[in-house]
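Descriptive structure summary
Below, each chain spelled out in residue letters.
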Amino acid sequence: MRIGIDIDDTIAEYSEGLKGFIKKRKGWSYVKLEKIPKWALWEMMLEFSNSEEYDKIKPVKGVKGVIRKLQPENELVLITARTNFRKTRKWINNHFKNNFSKIRYTRFPERFGKEKEKKSEILQKEKIEIYIEDKKEEIEEIVKNNKKVKLILFGKRKEFENERVEVANSGDKVEKTIRNWYPRQESNLHATKTCAPK
C-alpha cells in the first residue's frame, strides 16, 4: 500500500523550530505565529529555511517508531510544500534514512515561476491510498478534489467531520487508524523496497 506523509508538523517539529528561530533573531520571549502578518512570517520562514537552525529541527516525538512499523508493509512517500530541497533531503537522510521511497514537492526546480502543484493532484499521480497531513485547509482541498484517498488529520485540538477523514493526535493513533482501515494487508507488501530519497 502507498502511504503519503507530509513533513512539517507531521514528522518534523517545524513550528517549534521556527518559533525558536524567531525568538533568537528578534529577541522576543514569546511567539504566536498566527499573530504575525503573513508577509512578515513568509520572510522569516524563508530566512529560517536557509539557516543552520533549520537543520536542527527535531522529529515529532514517537514518529520514528511509527514509521519503522509502517515501512516494512507499505511504500511511504513524502509530500511537501518545502522549497529548500537540499536541506530537506539532508534532514530526511539524517533522521529517516531508507524509510521513504521518494520526496514529492508541490514546488520543484522545473516549476519555479509556475503555480504550485496541488497535493490532491500529487496524491492521484502517485496512487496514494492514505495521506497524513497536519493542515486542515489541505485536507479540505483533498476531500474536494480527490475522492479516493483516505485521510488522517494529524495534530492536537483538531476536528474534521468527513467519512474519509480520521483525526489523530499521536503517532500511535495514526498507526491504529491505518491498522483498523486495513487489518489484513497482503503478505507481498512486506517485500516493499525502499531507498534513500532522491
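About the criteria used
Residues numbered from 1 in each chain as written. Predicted model: local features only at pLDDT ≥ 70, side-chain atom pairs only at ≥ 80, totals over all residues. Heavy atoms only, no water. Salt bridge = Lys/Arg side-chain N within 4 Å of Asp/Glu carboxyl O. Helix = DSSP H or I, 4+ residues; strand = E, 2+ residues; numbered from the N terminus. Buried < 20%, exposed > 50% of the residue type's maximum accessible area, 1.4 Å probe, protein only. 1 Å grid on protein atoms, 1.4 Å probe; cavity = no way out; pocket = protein on both sides within 12 Å on 5 of 7 lines; lining within 4 Å. Points joined across faces, edges and corners; volume = space filled by probe spheres on them. Core = buried A, V, L, I, M, F, W, Y, C linked by side-chain atoms within 4.5 Å. Phe/Tyr/Trp six-rings, centres within 6.5 Å; stacked < 30°, edge-to-face > 60°. Lys NZ or Arg CZ within 6 Å of the ring centre and 35° of its normal.

Within the structure shown, the criterion is met by 18 salt bridges. One salt bridge in this structure joins Lys119 and Asp6, with 3.1 Å as the shortest N-O distance. Here Lys119 is found in helix α6 (residues 119-125), whereas its partner Asp6 is found in the loop between β1 (2-5) and α1 (14-26), with 113 residues between them in sequence. The pair formed by Lys119 and Asp6 is uniform in burial state, with each residue classed as buried. In this structure, Asp8 engages Arg82 in a salt bridge whose closest nitrogen and oxygen atoms are separated by 2.8 Å. Within this pair, whereas Asp8 is found in the loop between β1 and α1, its partner Arg82 is found in the loop between β2 (75-80) and α5 (85-95), the two being separated by 74 residues in sequence. Residue Asp8 shares its accessibility class with Arg82, and that shared class is buried. Sharing partners across several salt bridges, the network here consists of Arg2, Glu75, Lys102, Arg104, Glu117, Lys125 and Glu126.

Moving on to empty space enclosed by the protein. Using the criterion set out here, one finds one cavity of 30 Å³ or more in the structure. Approximately 100 Å³ is the volume attributed to the largest cavity. If you trace the largest cavity, you find 13 residues lining it, with Thr10, Ile11, Val63, Val66 and Val174 closest to the centre. Tallying contributions element by element places helix α4 (residues 63-70) first for the lining of the largest cavity, with four residues.

With 41 residues, the main nonpolar core has Ile11, Ile22, Ile92, Phe100 and Ile178 as its most contacted residues. Counting 14 residues, the second largest nonpolar core, distinct from the first, contains Leu123, Tyr131, Ile139 and Val149.

Under the definition given, this model contains six aromatic pairs. Aromatic pair Trp91 and Phe96: ring centres 5.8 Å apart, planes at 45 degrees, arrangement tilted. Accessibility assignment for this pair places Trp91 and Phe96 in one class, buried. Aromatic pair Phe96 and Phe100: ring centres 5.8 Å apart, planes at 70 degrees, arrangement edge-to-face. Phe100 matches Phe96 in its accessibility class, with the two residues each being buried. An aromatic cluster is built from Tyr14, Phe21, Phe48 and Tyr54, whose rings are joined through pairwise contacts. Here the basic side chain of Arg82 rests over the ring of Trp91, its NZ or CZ set 5.8 Å away from the ring centre.

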